[in-house]
Amino acid sequence: MKRNTKTIAGLGLFTAIVVVLQLTGAAIKFGVFSITLTLAPIIVGAALYGIGAGAWLGLAFGVAVLISGDAAPFLAVSPAGTVITVLLKGVLAGVAAAVVYKAIEKKSTLAAVITSGIAAPVTNTGVFVIGCLIFFMPTINEWAAAAGVESAGKFIITGLVGINFLVELAVNLVLSTVIVRIITVLRKQMSREKNIEA
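A few points on the structure. (Residues numbered from 1 in each chain as written. Predicted model: local features only at pLDDT ≥ 70, side-chain atom pairs only at ≥ 80, totals over all residues. Heavy atoms only, no water.)

### Brief notes about the overall build of the protein
A count of helices and strands for the protein gives nine helices and two strands. Reading the protein from its N terminus to its C terminus gives the helix and strand order α-β-β-α-α-α-α-α-α-α-α. For the protein, with 198 residues in total, the buried portion stands at 42%. As displayed, the protein offers around 9,700 Å² of accessible surface, 72% of which is attributable to carbon and sulfur atoms. Within the protein, the 7 negative side-chain charges are centred at a point lying 15 Å from the centre of the 14 positive side-chain charges. (Helix = DSSP H or I, 4+ residues; strand = E, 2+ residues; numbered from the N terminus. Buried < 20%, exposed > 50% of the residue type's maximum accessible area, 1.4 Å probe, protein only. Areas by Shrake-Rupley, 256 points an atom, 1.4 Å probe, with all protein chains shown as cover. Lys, Arg positive; Asp, Glu negative; His and termini not counted. Charge placed at Lys NZ, Arg CZ, Asp CG, Glu CD.)

Pasting the structure below:
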């Protein structure tokens, strides 16, 4: 019971961090959208608490994106398509981070963090692009034409996701050693508490 309470408290703390980072990060824009700073705490939470936690933190990230106004241009086009895309990309990014971390952590914590740090933004961006293709292509064609870009695909890559994806990936890779330290410290603390309870 005590362990479940601590897990809930830990997830609550990571959820708050994710939401605050997304809402404050909404002001930092490269191109049309803000940079996602929330993937690092999602990776840490997923590493500590598992796949369900990764999904939950990804969902919190998606909700914060909708609240922050970052998705407003898409909400005006298709509210349902926007909500589906934004929530799904967050949840799947969290799940991908957790699955990749768990698959590699026994070999190397650093390799697990780096790989999950790559998997999260790739999944986040990939699902966003798929959502664009499914729900928003007529509008994206118009945006591309207005911007003088010859194809909607090129506009999606260069105008909507390119710089943001590279910055998100770079942030995760730069923070990877810090994330490893955080996971190591928190794991030791959780292990000590578990031994005390036993």
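### Considering the nonpolar core
I179 and I183 are the most contacted members of the largest nonpolar core, which totals 26 residues. At the level of secondary structure, the elements contributing two or more residues to this core comprise α1 (2–25), α2 (39–49), α3 (51–68), α5 (79–104), α6 (109–135) and α9 (176–197). F128, V129, V149 and L160 belong to the second largest nonpolar core, which has 14 residues in total. (Core = buried A, V, L, I, M, F, W, Y, C linked by side-chain atoms within 4.5 Å.)

### With respect to the packing of aromatic side chains
Two descriptors summarise a pair of aromatic rings, namely the distance from one centre to the other and the angle between the planes of the rings. Tallied over the full model, the rule gives five aromatic pairs. Here the aromatic rings of F74 and F136 are separated by 4.8 Å at their centres, their planes lie at 70°, and the arrangement is edge-to-face. In this pair, F74 is assigned in helix α4 (residues 72–75) and F136 in the loop between α6 and α7 (137–147), connecting sequence segments 62 residues apart. Across the pair, exposure class does not vary: F74 and F136 are buried alike. Each residue in the set F74, F128, F135, F136 and W143 is aromatic and connected to the rest through ring pairs, giving one cluster. (Phe/Tyr/Trp six-rings, centres within 6.5 Å; stacked < 30°, edge-to-face > 60°.)

### Regarding a nonpolar patch on the surface
Together, I84, L88, L92, I130, L133, I134 and F135 make up a nonpolar patch on the protein surface, roughly 620 Å² of accessible area in all. Those elements that place two or more of their residues in the nonpolar patch are α5 and α6. The element best represented in the nonpolar patch is α6, accounting for four residues. Overall, the relative accessible area of 46% leaves I84 in the partly exposed class. (Patch = residues over 30% accessible without salt bridge, like charges linked within 9 Å, V, L, I, M, F, W, Y side chains within 5 Å. Salt bridge = Lys/Arg side-chain N within 4 Å of Asp/Glu carboxyl O.)

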